[in-house]
Amino acid sequence: MTASLTTKPKAREEVSPLVKWARSNRRAITSTLFLIVMLIGFTAANSDVFTQFKTYRSVMIVLPVSIFVVVPLVFVVTAGEIDLSFPSVVGLASFAFVKIVDVGGDPLVGIAAALLVGALLGWLNALLVVRIGLSALVATLGMNFFLRGLINILVEGFSMAIPEIRNSPIHTLLTDDTFTVVGNLGVPNQMLWALAFTALGVFLYNRHTFGVRVHCVGDNPESAAEMGIDVDRTRTQVFIFTGIGAALAGVFSVMINFVWWPTTGDGLLLPVLAGLFVGGTPTWGGIGTVFGGMIGTSIVAFIETGVIAAGLTGFFTQFFYGLIIILSLIFQRFNGRRVR
C-alpha cells in the first residue's frame, strides 16, 4: 500500500508597488543618493558656498549641454553600441546654426538646420556601423577626428560671434530665467528644457515601444530579430537620436556663450561618458537608466565646483573625478548583477 504525498503550493510573495518600483529603479536611486551624499560632503567642507543658490545656478547654466547628449547615449549603449563622435557633431551642428544667424537668417531656421545636420551625421555613423559593419568604437572615434578636422578646414581656426541674438525672443525662450528663486536669480530656462528632454527620454525608454526594441536589441539581437524587431533599423534610430541630441547641445552652447569656437564640444567627451556610466548604465547593453544618466552627469558637473570650494587647488580635480567615478561604479556593481 502506497501513501500519496501531497505538497502545498508555495505562496507567492506579495511585493508592494513601492518595493517593485525601487527594485526596477535601483541604479537611478543609487546615483541620486550618491549625488546627495557628495553635495552634503561639499557643504560640510564649505557651507558658505554650497548654501547659496548662485552656486547651483552656475552649474545649471552649463549642465544642460551635457544632459542633451547623455540622454540619447543611454539608448545607444543599451542597444549594445557606442558613439564617440558626439563632440564633433556638437561642433558641426552648432556651426550650421551660428552661420545662418550670422548672415541674418532666422534663428529658428538655424536651429532646424542644426538638427538636420545632427540627424544626418547620426545616420552616417549608423551607415558605417550598421550597414558596412564597422566597429562602433573605432568608426565613431574616427568620425570624431574627421568631423573636427572638417570644422578646422572650413573656418581655419576662426571663431564666430552672434551678439545680435542676445535678448531676442528665441534667446529669451531658451536661455533666460523664467522663475525667480533668490533676489533676481532664477532657474535658467535651458535647465528646464534639459529636464523636459530627460522626461521625454524616460518616456521613450520605459514606456514606448521604441525603448522596448532598444532593450531587446541590446540584450540579444538574434532573439529580437526572431520576435519581428527590425534590428538594423533600431540601431540606426539610436545613432540618429544621438545626433539630434548633440545638435541641441551645440545650439544651447552657442546660445549661452554668444560665441562659436572651432573647439565647441571638444570638452564633452570624458565628462559625458563618465556621467553615463556613473549614472548606472553598464557597458554590456540591454539595460540602462535615462534618469540615472542625468544624475550621473550632474555628479560630474559638481565635482570641480566642490573641489575648488573645499579649498583645494585645481590639481585635485582629476583625482576626484577618478575617485568618485570608481566609487560610484563599485556601488553600481554591487547594486545589480549583470543579466543577459
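The structure this text deals with has already been given above.
Cut-off values and rules
- Residues numbered from 1 in each chain as written.
- Predicted model: local features only at pLDDT ≥ 70, side-chain atom pairs only at ≥ 80, totals over all residues.
- Heavy atoms only, no water.
- Helix = DSSP H or I, 4+ residues; strand = E, 2+ residues; numbered from the N terminus.
- Contact = heavy atoms within 4.5 Å.
- Expected span 1.5 Å × (residues − 1).
- Bend = angle between axes of the 7 residues up to and from the residue.
- Polar contact = N/O pair within 3.5 Å; in protein donor to acceptor, adjacent residues only side chain to side chain.
- 1 Å grid on protein atoms, 1.4 Å probe; cavity = no way out; pocket = protein on both sides within 12 Å on 5 of 7 lines; lining within 4 Å.
- Points joined across faces, edges and corners; volume = space filled by probe spheres on them.
- Salt bridge = Lys/Arg side-chain N within 4 Å of Asp/Glu carboxyl O.
- Core = buried A, V, L, I, M, F, W, Y, C linked by side-chain atoms within 4.5 Å.
- Buried < 20%, exposed > 50% of the residue type's maximum accessible area, 1.4 Å probe, protein only.

## Notes on the environment of V259
Take V259: it is sitting in strand β4 (residues 259–260). As a C-alpha pair, V259 and V98 span 161 residues in sequence and 8.4 Å in three-dimensional space. Once residues lying within four places of it in the same chain are set aside, the contact partners of V259 are S159, M160, A161 and V254.

## Comments concerning helix α14 (residues 290–309)
Over its 20 residues, α14 runs 29 Å from end to end, which matches the ideal 28 Å to within 8%, given 1.5 Å per residue. Of all the bends in α14, the largest measures some 30° and sits at I303. Its side-chain oxygen 2.9 Å from the backbone nitrogen of G292, T289 forms the N-cap of α14. A positive backbone phi angle near 95° is found at G311, which sits one or two residues after α14.

## Quick look at the layout of surface pockets
The space that makes up the largest pocket amounts to roughly 580 Å³. In this structure, the largest pocket is lined by 22 residues; those nearest its centre are S24, N25, N206, G288 and T289. Elements with a contribution of two residues or more to the lining of the largest pocket: α1 (17–24), α2 (26–45), α9 (189–207) and α14. Of all the elements in the fold, those that place two or more residues in the lining of the second largest pocket are α4 (53–78) and α12 (231–257).

## Structural notes on the pattern of salt bridges
Considering all chains together, one arrives at five salt bridges under this definition. Residue R235 is joined to E81 by a salt bridge in which the shortest nitrogen-to-oxygen separation is 2.8 Å. One end of the pair, R235, is in helix α12; the other, E81, is in the loop between α4 and α5 (86–102), with 154 residues separating them in the sequence. With a shortest N-O distance of 3.9 Å, D232 and R131 are connected by a salt bridge. With D232 in helix α12 and R131 in helix α6 (residues 107–131), the pair connects residues that are 101 residues apart, well separated along the chain.

## Quick look at empty space enclosed by the protein
Under the counting rule described, the total for this entry stands at one cavity of 30 Å³ or more. Looking at the largest cavity, its volume works out to about 30 Å³. What lines the largest cavity is simply D83, S85, F86, V89, G118, L121, G122, N125, F239, T242, G243 and A246. Going through the elements one at a time, α5, α6 and α12 are the ones with two or more residues in the lining of the largest cavity.

## Topic: the nonpolar core
Counting residues in hydrophobic clusters, the biggest one holds 87 residues, and the most contacted among them are M38, F75, F86, F97, V238, W260 and I299. Leaving out residues up to four positions away in the same chain, M38 has contacts with I299, F302, I303 and I324.

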